[in-house]
Amino acid sequence: MDNTVFNDAINDSIENYLQEASFSISQAQLQSALANITLARELALNTQNRMYRAKTSRVLAELYFELGDLKKAEEQINDAIKIQQEENNEIALAYSYNIYGSILTKLEKYSQSKKQLDYAAELIKKNGIKNLEGPVRLNLGLLALSNNNPKLAINHFNSGLPIINSLQQHYYKAKLYTNKARAQLALNLIDEAKKTNDLAMQIGEERGYSEIRSECFELYSEIYERKKDFATSLVNLKAHQKFKDSLFNINKEIIAQEAGAKLDLNDNNVLIEELTEENIQQQKSLKLGRLTTILSIALITILSLLTLSLYKNNNLRARANELLQNKNTELILAKENAERASEARVQFLSTITHELRTPLYAVTGLTHLLLEESPTPNQKEHLNSLKFSGEYLLSLINNILDLNKLEANKVELESTSFNLQKRINDVLIALGKSASDRNNTLHYEFDNAIPAKLKGDPLKISQILINLIGNSIKFTQSGDIWIRVKLINRIDCKVYLNFEVEDNGVGISEKKQQSIFENFTQGSVQINRKFGGTGLGLSIVKNLLALMDSEITLVSQLGQGSKFMFDLKFDVYEDETTDIKNEAKKLDYDILINKRVLVVEDNKINQLITRKILEKNQIICEVADNGDIAIQKTKNGNFDLILMDIHMPGISGIEATKQIRLFNTEIPIIALTAVTLDDNLDEFYKNGFDDIIPKPYKTEEFFLKLHKAFSKKQITS
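The structure presented is a predicted model; accordingly, all values stated were derived computationally and were not measured.

A.B. asks: Where do I start with the nonpolar core in this structure?
C.D. replies: A general trend in soluble globular proteins is that nonpolar side chains are found buried together. One finds Leu420 and Phe499 to be the most contacted residues of the largest nonpolar core, which totals 41 residues. Where this core is concerned, the elements lending two or more residues are helix H17 (420-437), helix H18 (458-474), strand E4 (480-491), strand E5 (494-503), helix H21 (537-547) and strand E7 (561-572). Sort the elements by how many residues they give to this core and H18 lands first, with 7 residues. Phenylalanine 499 has contacts with Leu420, Ile424, Leu465, Arg484, Val485, Phe564, Met565, Phe566, Leu568 and Phe570, leaving out every residue within four places of it along the chain. Tyr52, Ala94, Tyr97 and Leu104 belong to the second-largest nonpolar core, a separate cluster that totals 40 residues.

Take a look at the structure:
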């Protein structure tokens, strides 16, 4: 036989064995999977075929994963990835990254798991690997669910379901439904969770997936417990336990022991002891005898205790019912108190947000005016720092005071182009005086391989770095602080960066490292008194990084300093469209000259600032202190536009706008407000507003919206 034909035949055999092994794993037939992997491994070693050795290691990693031996699973998948990277086999790597991601999720290494699954997704898109797209989205959902983010998990499951459906991947479909049901339970969507679990059970019964059916019974038990149907919950729990204790799981345990004892896959040889049919039968007989003896002893013991158990059962049940009723009453009362407290907090946050934004508008507005009055270079640097700090403070107000948005994962990330190196420079300039006051030296190391323009949320990045660097400055005296940004990887138009903030300050004890990222927590009472602060900074950092699918790592030792590390993913900015500042520079400001604008505002400082900004551009400005005056002035005057505040003494800006619209439907009315808009934009437009400018605003955005309103009026006139 020709040597090439012979090798092709062996390769076909290896491929068949590995396909059978993968199928057996999906069917939870782990003994069959082990046998096929063993045969494939022997052939791959004999033929010196590196790619099949890697593929065998990958399938074996899947087997160890199912057996719960995560350490060996990680060893095998790393062996596979090493060979596949050397061979530059992107398709094989996509499969391995997907499996490695699921292993890391089980090991609770969530940040690393996200990286592996992102790598897999990039390679799938690049190479068009359709049959792997659904499993990767399933694993992304499992990662989000393990990371206590059930809403994100459901989004991943929903996006993966059509793909898995189209390819008839029944096992993955069943796994998706069971885990989607878990996510729905976490969100207390009990009826939806039951419907989803019904779909999983249907597949499990039709396809004979014992493991799926076991998971479904466990979920039914929890669902009916939530519904207070304890009898049905107990029936399902027993069914789950029956599956768990079945011969299938006993075989699974035996296979795990055999795999641990017989397979040393780091060696180049495979030692598999072949059992004869006679030995197998002898072992089965021996185990059956032992089982019979154990069951007999257990039966005698149970019968002896049965009478006593029945006697005590009625008394115990009566006491348990009474305790449950009392506990239910306590829980209902606690729930009502929690709801009242939540409503009060929402009302408080809404009020305090407005009160803080109003004076902040004065700070940012006056800064803008001073910057336009030809300051000295030294003054300009200070004013730019003040402007930057104002933007940061606004972001802080938005994300800290509105705690209900943070807890409900409603804070949204912006996606805009920015220069990361310049952004960090601005942060260091803003914090430079604080560092010099404590005689600290800032060291900035930025990887030149990082692209100049990235796409992301620059304000959130600034907020994270200000908190981390500010924390290092506060707890370091006459020392050094290092800020490092390095490129980890680049795949097409995405970059993966590593950030480090290190100091040689007081450090954090190992005990306190466990709680330092919680709200209102500092190293100790003495540290709080000595250094001050709210203890919110690191909690904000943790929440913001979680929003960006990342997590922070801390390495610290008392007296030797601390190092904070995290990774972030960005898109490389390639769009040629202009930003707001460039758009503002291109405006035809002649259209603004001699336009008459009515500013409706009760705050005197805000009146002054808005008036000065308008008049610098030759706009004729008139002021109304409240809504009633605004209505009268609009009736008697001839204005081209109204800037309307919302919270004012007397009638609100919304009510004033509604009354103006009864007699004037043409004049543009823009809400100039410090109110948190959230999801109420539609309400503003329904009540007669043409546009909204949230305070404090950027001047460029302010004039863009004014220009848009005047241009529209000219066209319609």
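Now, onward.
A.B. asks: In this structure, what is going on with the pairing of E7? I would like to understand it.
C.D. replies: In regular strands, side chains alternate between the two faces of the sheet. Of all 12 residues in E7, 9 are buried, a share of seventy percent or more. Note that strand E3 (residues 454-456) and E7 share 2 bridges and pair antiparallel. Its bridge partner being in E7, leucine 454 is matched across the sheet by valine 572. As paired strands, E5 and E7 are joined by 10 bridges and run antiparallel to one another.

A.B. asks: Honestly, helix H23 (residues 604-615) in this entry has me stumped. Any pointers?
C.D. replies: Two residues of an α-helix separated by three or four positions point the same way, owing to the 3.6 residues in each turn. Across its 12 residues, H23 extends 16 Å between first and last C-alpha, which sits within 8% of the 16 Å expected from 1.5 Å per residue. Those residues of H23 not exposed but buried are Asn606, Gln607, Ile609, Thr610, Ile613 and Leu614. The N-cap of H23, judged by a side-chain oxygen 3.0 Å from the amide nitrogen of isoleucine 605 a few residues on, is asparagine 603.

A.B. asks: Is there a simple way to think about the packing of helix H4 (residues 70-87) against helix H5 (residues 90-106) in this case?
C.D. replies: Describing two packed helices takes the angle between their axes plus the distance from one axis to the other. With their axes 10 Å apart at the nearest point, H4 and H5 run at an angle of 155° to one another. Considered as vectors, H4 and H5 are oriented roughly antiparallel to each other. Two packed elements cross with a definite hand, and for H4 against H5 that hand is left-handed. For the pair formed by H4 and H5, the contact residues are Leu70, Ala73, Glu74, Ile77, Asn78, Ala80, Ile81, Gln84 and Gln85 on the first element and Ala92, Leu93, Ser96, Tyr97, Ile99, Tyr100, Ile103, Leu104 and Lys106 on the second. Here the residues of the contact of H4 with H5 sort into 12 nonpolar, 4 polar and 2 charged.

A.B. asks: Sorry if this is basic, but what is going on with unusual backbone geometry here?
C.D. replies: Trans peptide bonds make up most of the peptide bonds, and negative phi angles are found at most residues other than glycine. With a phi angle near 55°, asparagine 88 is a residue other than glycine that sits in the positive phi range. Residue classification places asparagine 88 among the exposed positions, given a relative accessible area of 58%. Despite not being glycine, glutamine 618 has its phi angle at roughly 60°, a positive value. Tracing the chain through its elements places glutamine 618 in the loop between H23 and strand E9 (620-624).

A.B. asks: What is the right way to look at the environment of arginine 50 in this model?
C.D. replies: With respect to the secondary-structure elements, arginine 50 resides in helix H3 (residues 50-67). On the basis of relative accessibility, which here comes to 32%, the residue arginine 50 falls in the partly exposed class. The contacts of arginine 50, once residues within four sequence positions are left out, are Ile83, Glu86 and Glu87. Polar side-chain contacts of arginine 50 include one of 2.4 Å to the side chain of glutamate 86.

A.B. asks: Just to check I follow, could you spell out the packing of aromatic side chains for this structure?
C.D. replies: The description of an aromatic ring pair uses the distance of the two centres, along with the angle that the planes make with each other. With the rule as written, the count across this model stands at 11 aromatic pairs. Seen from their ring centres, tyrosine 589 and phenylalanine 703 are 5.9 Å apart, and the 65° between their planes marks the pair as edge-to-face. Here tyrosine 589 is found in the loop between helix H22 (580-585) and strand E8 (596-600), whereas its partner phenylalanine 703 is found in helix H27 (residues 699-716), with 114 residues between them in sequence. Classification of tyrosine 589 by relative accessible area gives partly exposed; the value is 28%. A cation over an aromatic ring shows up here: lysine 595 above the ring of phenylalanine 710, its NZ or CZ 5.8 Å from the ring centre.

A.B. asks: Would you explain the sheet that holds strand E11 (residues 669-673) in this entry?
C.D. replies: For sheets, the rule is that strands pair by backbone hydrogen bonds, running either parallel or antiparallel. On the basis of which strands lie adjacent, the open sheet formed by 5 strands has the order E9-E8-E10-E11-E12 and parallel pairing. Of all strands in the sheet, those with a lone pairing partner are E9 and strand E12 (691-694), marking the two edges. Each strand of the sheet is rotated relative to its neighbour by a mean of 20°, with strand direction disregarded. Where E8 and E9 come together, 5 bridges link them in parallel fashion. Bridging across to E9, arginine 596 finds its partner in isoleucine 620. Its contacts with the sheet place H23 against E8, E9, strand E10 (641-644) and E11, and it is angled at close to 165° to E9.

A.B. asks: Teacher, can you tell me more about the pattern of salt bridges here?
C.D. replies: Once their charged atoms are close, side chains differing in charge can pair, the charge on each being opposite to the other. Evaluation of the coordinates by the stated rule reveals 28 salt bridges. In this structure, the salt-bridge partner of aspartate 118 is lysine 114, at a minimum N-O distance of 3.0 Å. Here the residue aspartate 118 and the residue lysine 114 both occupy positions in helix H6 (residues 110-127), the gap between them amounting to 4 residues, near one helical turn. On the accessibility criterion, aspartate 118 (11% relative accessible area) is buried. According to the relative accessible area criterion, lysine 114 is buried, its value standing at 16%. The closest approach of N and O atoms between arginine 226 and glutamate 222, which form a salt bridge, is 3.4 Å. Within this pair, arginine 226 and its partner glutamate 222 are both found in helix H11 (residues 210-226), separated by 4 residues, close to a single helical turn. Of the residues examined, arginine 226 reaches a relative accessible area of 32% and is grouped as partly exposed. Three or more residues are tied together by salt bridges with common partners; here these are Lys175, Arg182, Glu215 and Glu218.

What counts and how
Residues numbered from 1 in each chain as written. Predicted model: local features only at pLDDT ≥ 70, side-chain atom pairs only at ≥ 80, totals over all residues. Heavy atoms only, no water. Core = buried A, V, L, I, M, F, W, Y, C linked by side-chain atoms within 4.5 Å. Buried < 20%, exposed > 50% of the residue type's maximum accessible area, 1.4 Å probe, protein only. Helix = DSSP H or I, 4+ residues; strand = E, 2+ residues; numbered from the N terminus. Contact = heavy atoms within 4.5 Å. Pairing = 2+ DSSP bridges. Expected span 1.5 Å × (residues − 1). Polar contact = N/O pair within 3.5 Å; in protein donor to acceptor, adjacent residues only side chain to side chain. Axes fitted to C-alpha atoms, helices over the stretch in contact; angles between N-to-C directions. Parallel < 35°, antiparallel > 145°, perpendicular 65-115°, else oblique. Left-handed = near helix turned anticlockwise from the far one by under 90°. Nonpolar A, V, L, I, M, F, W, Y, C, P; charged D, E, K, R; others polar. Phe/Tyr/Trp six-rings, centres within 6.5 Å; stacked < 30°, edge-to-face > 60°. Lys NZ or Arg CZ within 6 Å of the ring centre and 35° of its normal. Salt bridge = Lys/Arg side-chain N within 4 Å of Asp/Glu carboxyl O.

Function cannot be inferred from these measures alone, as they are strictly geometric.
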